[in-house]
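A look at the structure
As a plain string of letters, each chain reads:
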Amino acid sequence: LKGDTILKSSSGLVHYRGGEKTRKYALINIIKTIIDKSSNLNIKTAALHFKGLKRYRSLIVNLLKKRFSLTSVTHYYTLPHNGCRPRKQRRL
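Keep in mind it's a predicted model, so treat the numbers as computed, not measured. (Residues numbered from 1 in each chain as written. Predicted model: local features only at pLDDT ≥ 70, side-chain atom pairs only at ≥ 80, totals over all residues. Heavy atoms only, no water.)

Considering the pairing of strand 1 (residues 45–51)
Of the two faces of strand 1, the one holding A46, L48 and F50 is buried and the one holding T45, A47, H49 and K51 is not buried anywhere. In the sheet, strand 1 pairs with strand 2 (residues 69–76) via seven bridges, with the strands oriented parallel. In the sheet register, H49 faces strand 2, and the bridge partner there is T74. Once the chain exits strand 1 it traverses helix 2 (residues 57–67) before rejoining the sheet at strand 2, and the crossover so formed is right-handed. (Buried < 20%, exposed > 50% of the residue type's maximum accessible area, 1.4 Å probe, protein only. Helix = DSSP H or I, 4+ residues; strand = E, 2+ residues; numbered from the N terminus. Pairing = 2+ DSSP bridges. Right-handed = clockwise from strand over helix to strand, strands pointing away.)

This is the structure we're talking about:
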């Protein structure tokens, strides 16, 4: 909560590239690595910070509630303030 990070994980740190980063199995592997690293450090409480995750947010929170007592869950949305022009929508 003070800003001192003990553990962090992302899909890039688990060696996923490109479109694999947003898949459900990538998120499950991220959670497994967090639990493995935290068991070595004997961490019982955690504060979650999300950045850019929308799809499986509740899945992650529910899985980590079983292992840790969560003190806070914050979401950081990366919304542009009239920044770069967005890409054209893909037609299906």
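Considering the nonpolar core
Grouped together as the largest cluster of nonpolar side chains are 11 residues: L27, I30, I31, I43, A46, L48, F50, I60, V61, L64 and F68. Contributions of two or more residues to this core are made by helix 1 (24–41), strand 1 and helix 2. (Core = buried A, V, L, I, M, F, W, Y, C linked by side-chain atoms within 4.5 Å.)

With respect to the packing of helix 1 against helix 2
Relative orientation of the contacting elements helix 1 and helix 2 amounts to 25°, with a least axis distance of 11 Å. Regarding the angle of helix 1 to helix 2, the classification is roughly parallel. Classified by chirality, the crossing of helix 2 by helix 1 is right-handed. Residues K24, L27, I31, I35, S38 and S39 of helix 1 pack against L59, I60, L63, L64 and R67 of helix 2. (Axes fitted to C-alpha atoms, helices over the stretch in contact; angles between N-to-C directions. Parallel < 35°, antiparallel > 145°, perpendicular 65-115°, else oblique. Left-handed = near helix turned anticlockwise from the far one by under 90°. Contact = heavy atoms within 4.5 Å.)

Considering the side chain of S38
Its place among the elements puts S38 in helix 1. Taking the relative accessible area as the measure of exposure, S38 reaches 1% and is therefore buried. Those residues in contact with S38 that lie beyond four places of it in its chain are L7, I43, R67 and F68.

Some words on the environment of L7
In this structure, L7 sits in the segment before helix 1. With a relative accessible area of 27%, L7 lands in the partly exposed category. Note: C-alpha distance between L7 and Y76 (69 residues apart in sequence) is 18 Å. What L7 contacts, discounting residues up to four positions off in sequence, is I34, K37, S38, L41 and I43.

Concerning the layout of surface pockets
Of the voids in this model, the largest pocket is the one considered here, and its volume is about 1200 Å³. If you go around the largest pocket, you meet 38 residues; those closest to its centre are L7, K8, A47, L48 and H49. Here the element with the most residues in the lining of the largest pocket is strand 1; it accounts for seven residues. When its residues are assigned to classes, the lining of the largest pocket shows 18 nonpolar, 12 polar and eight charged. (1 Å grid on protein atoms, 1.4 Å probe; cavity = no way out; pocket = protein on both sides within 12 Å on 5 of 7 lines; lining within 4 Å. Points joined across faces, edges and corners; volume = space filled by probe spheres on them. Nonpolar A, V, L, I, M, F, W, Y, C, P; charged D, E, K, R; others polar.)

A short note on helix 2
Turning to helix 2, its buried residues are R57, I60, V61 and L64. For helix 2, the angular spread of buried residues about the axis comes to 95°, placing them on one side. Residues S58 and K66 are exposed on helix 2 and point more than 90 degrees away from its buried face. Buried residues in helix 2 make contact with helix 1, strand 1 and strand 2. (Arc of directions from axis to C-beta.)

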